[in-house]
Protein chains: 2
Amino acid sequence: MTQPDNSRPDAEGAELDTVGSVHELAVLERIFPLLPVASAALLGPGDDAAVIAAPDGRFVVTTDMMVHGPDFRFAWSTGHDLGWKAAASNLADVAAMGARPTALVVAIAATRDTPVALLEQIASGLRDACAELAPGCGVVGGDMSVSDTFTLAITAFGDLEGRAPVTRSGARPGDVIALCGDAGVAAAGLRLLFSDAVDADGKPDRARADRLRSEHPDTVGAQLAPCPPISSGVTAALAGATAMLDVSDGLALDARRIAKASGVNLNLHGDRLGSDPEAALRGGEDHALLATFSADAALPSGFRVIGDVTEGTGVTLDGQAIAGVLGWDPYEGWNGKTG
Amino acid sequence: MTQPDNSRPDAEGAELDTVGSVHELAVLERIFPLLPVASAALLGPGDDAAVIAAPDGRFVVTTDMMVHGPDFRFAWSTGHDLGWKAAASNLADVAAMGARPTALVVAIAATRDTPVALLEQIASGLRDACAELAPGCGVVGGDMSVSDTFTLAITAFGDLEGRAPVTRSGARPGDVIALCGDAGVAAAGLRLLFSDAVDADGKPDRARADRLRSEHPDTVGAQLAPCPPISSGVTAALAGATAMLDVSDGLALDARRIAKASGVNLNLHGDRLGSDPEAALRGGEDHALLATFSADAALPSGFRVIGDVTEGTGVTLDGQAIAGVLGWDPYEGWNGKTG
């Protein structure tokens, strides 16, 4: 993957510019050239709305808002991380429908003291994530506001290329359950950040986070700039996936969503969940693709069997009920005062 | 138009519920039934992404974020107002392309103490605005977060029905300039709110705002719950509009945008700008449709001629340059501390 870009612009004056000190137009002029271009854009930014090609006669759409505090902290995430993760998590939702991502729109509400250089980093993160995870996908429009709380809202689009969308409701008894991507790594990274990248008062600390990331680049990186298997959404659809979603809240909770929508039981196999099955079951934010396939389907590259679909309704681990099937949410007790 | 709904739910327990006290799923279960259904939705909420019909093979998209403080205040706006205005302003951007609005996605970041009843009001405002301004358009998906700053992000979609999009760049010398909708009314309403609906310390005051609105329902209502002429976007396109946008920052500034994109001069006629031409020139947020048509075009219903396109680049009033062509921005000095 492309490495996060922590560099700052050379010009000292430009480095000191903030959202509050520079006119909105000047901010946009610096950001626009950094944004990825969408090959599906028939009319891009600059009008009241953009026009996007939807050759399939339908389009897929998902939206997600990231809020400073509960969803990310600048003490831990660079601007590049934030742009990357915002793109990656939305692209994963498009991929989970079996669609090819085509375009994004991005709305940012920044605090007045936000350096324009930080917005440039966010734009670079969006660009690099699109280039790496969904080539051809780009930003077709956006909005820029001022807020006391830094907030980023992404809406992502995809093309089904003539296929039926892969929903959560098509799993049938006898199907196999397969996973593409990590399970539990991003949550382990977040756990590390919460334990080792805070100061004595429990506030997120940049220096400690930088040190932690250099010591555990893969684990912390999985949390701050995840690399979900976007292109595998289309290959899973082509291979006949009967149901699919991206794992954002942990295998146990997300498997239950498929189980509920399909009216079946998803039985996970403990010996297929890696060295720490409990972490795989509870840890969210990896945005792996969890899919079901009929037993005779040839699994596409990257997918591994982790269970089987049975009669019933719910999620089991080796046939046994899983206690407290909820994803781990370290932000549950998040307090705006501590950042 | 449908009147704002200020009623509260009957059940006392439900009235006391807040975003912080009720599980997210329970919040969504109360909001979903209130949201407008989109006739173009092939697959609605409940999956990783929605699927929307785009029979034209293209779709129009615009996004806009509304932040508590700079964009609205709950001391002045009801939840119904906020939902209504968020829908109306986004629908106007779709209409300004000559497209028919089809669907919205809505992301909300609410403070923990936000009453769930307020979210229900927002949903009702979205529903009533769609029903009134763009029948058939509905909400197809969304996201719900927690934030210290109440924030609402809307992304709106439209169908061009086989027509070319009406951009800002098609105005030609000899065209007439026509306007559909109000100019300056919403800004007058905001000016009233800033002068008469604040307490002695300048903080927005709910009781004063309620009184002011009952005294000046049309003017204050134009600011808090505007009614842009959404369906006129399609009729303008059918009538051959050469350029169009929705007036969000004042006639002078928005006319300059068409002038710049088209490489022409837009000459406004002072005697066509109503009783207060200065207010019409500077006042934003009415979301009227400003369009140009060839001189021999039959103007569609609702449009009135307010000027003519000439050689040059810029905006003039009766042939004279307009000093300080910038929209009026009362939030320029907005301070998060005063709400």
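Thresholds applied
Residues numbered from 1 in each chain as written. Chains lettered and ligands numbered in written order. Predicted model: local features only at pLDDT ≥ 70, side-chain atom pairs only at ≥ 80, totals over all residues. Heavy atoms only, no water. Pairing = 2+ DSSP bridges. Helix = DSSP H or I, 4+ residues; strand = E, 2+ residues; numbered from the N terminus. Contact = heavy atoms within 4.5 Å. Axes fitted to C-alpha atoms, helices over the stretch in contact; angles between N-to-C directions. Domains from an automatic or database assignment. Buried area = accessible area lost by both parts, 1.4 Å probe. Salt bridge = Lys/Arg side-chain N within 4 Å of Asp/Glu carboxyl O. Polar contact = N/O pair within 3.5 Å; in protein donor to acceptor, adjacent residues only side chain to side chain. Nonpolar A, V, L, I, M, F, W, Y, C, P; charged D, E, K, R; others polar. Least-squares fit on C-alpha atoms with pLDDT ≥ 70 in both.

Draft legend 1. The sheet that holds strand β12 (residues 314–317) of chain B, seen in detail. Residue and element names in this part refer to chain B. The strand order β8-β10-β7-β11-β9-β12-β13 describes an open sheet built from seven strands, whose pairing is mixed. Whereas interior strands pair on both sides, the edge strands pair on one side only; in this sheet they are β8 (243–247) and β13 (320–321). Of the pairings in the sheet, the one linking strand β7 (residues 176–180) to strand β10 (residues 288–293) comprises five bridges and is antiparallel in character. Residue Leu-179 lies in a different strand from β10, and its bridge partner there is Leu-290. Against the sheet, helix α9 (residues 251–262) makes contact with β7, β8, β9 (265–268), β10, β11 (304–310) and β12, and its axis sits at roughly 155° relative to β8, the strand it touches most.

Draft legend 2. Inspection of the side chain of Arg-163 of chain A at higher detail. Mapping Arg-163 of chain A onto the fold places it in the loop between β6 (151–159) and β7 (176–180). Non-local contacts of Arg-163 of chain A, meaning those with residues more than four positions away in its chain, are made with Asp-56, Arg-58, Gly-98, Ala-99, Val-234, Ala-237 and Leu-238 of chain A.

Draft legend 3. Focus on the domain arrangement of chain A. All names here are of chain A. The domains assigned to chain A are domain 1 (17–159) and domain 2 (167–334). Taken together, the 26 residues of domain 1 in the interface contact 29 residues of domain 2. Approximately 2300 Å² of surface area, both sides summed, lies buried where domain 1 meets domain 2, with 64% of it carried by carbon and sulfur atoms. One can count two salt bridges joining domain 1 with domain 2. Its salt-bridge partner being Arg-213, residue Asp-81 comes within 2.7 Å of it at the nearest N-O pair. Inspection of the region where domain 1 meets domain 2 yields six residue pairs in polar contact (both at pLDDT 80 or more). Mapped by element, the contributors of at least two residues to the side of domain 1 that touches domain 2 are α3 (79–95) and β4 (100–110). Of all the elements, α3 adds the most residues to the side of domain 1 that touches domain 2, at nine residues. Looking at side-chain class alone, the side of domain 1 that touches domain 2 contains 15 nonpolar, five polar and six charged residues.

Draft legend 4. Representation of the relation of the copies chain B and chain A within the structure. Superposition record for chain B on chain A: RMSD 0.0 Å, screw rotation 180°, translation along axis 0.0 Å. Given the turn and translation reported, the copies of this chain are related as if by a two-fold rotation axis. Among all C-alpha atoms of chain B, that of Gly-57 of chain B lies closest to the rotation axis, at 2.4 Å. Same-surface contact between copies: 100% of interface residues of chain B are shared with the interface of chain A.

Draft legend 5. Spatial organisation of the sheet that holds strand β2 (residues 50–53) of chain A. Here six strands make up an open sheet; going across it, the order is β1(A)-β2(A)-β3(B)-β6(B)-β4(B)-β5(B) and the pairing mixed. The sheet is open, and its two edges are formed by β1 (41–43) of chain A together with β5 (138–146) of chain B, each paired on a single side. Here the average twist between neighbouring strands, direction ignored, is 25°. Pairing of strand β4 (residues 100–110) of chain B with β5 of chain B, which is carried by eight bridges, proceeds in the parallel orientation. Residue Ala-103 of chain B lies in a different strand from β5 of chain B, and its bridge partner there is Gly-138 of chain B. Against the sheet, helix α3 (residues 79–95) of chain B touches β3 (58–67), β4 and β6 (151–159) of chain B, its axis set at about 145° to β3 of chain B. The strands touched by helix α4 (residues 116–133) of chain B within the sheet are β4, β5 and β6 of chain B, with β4 of chain B carrying the most contacts at an inclination of about 170°.

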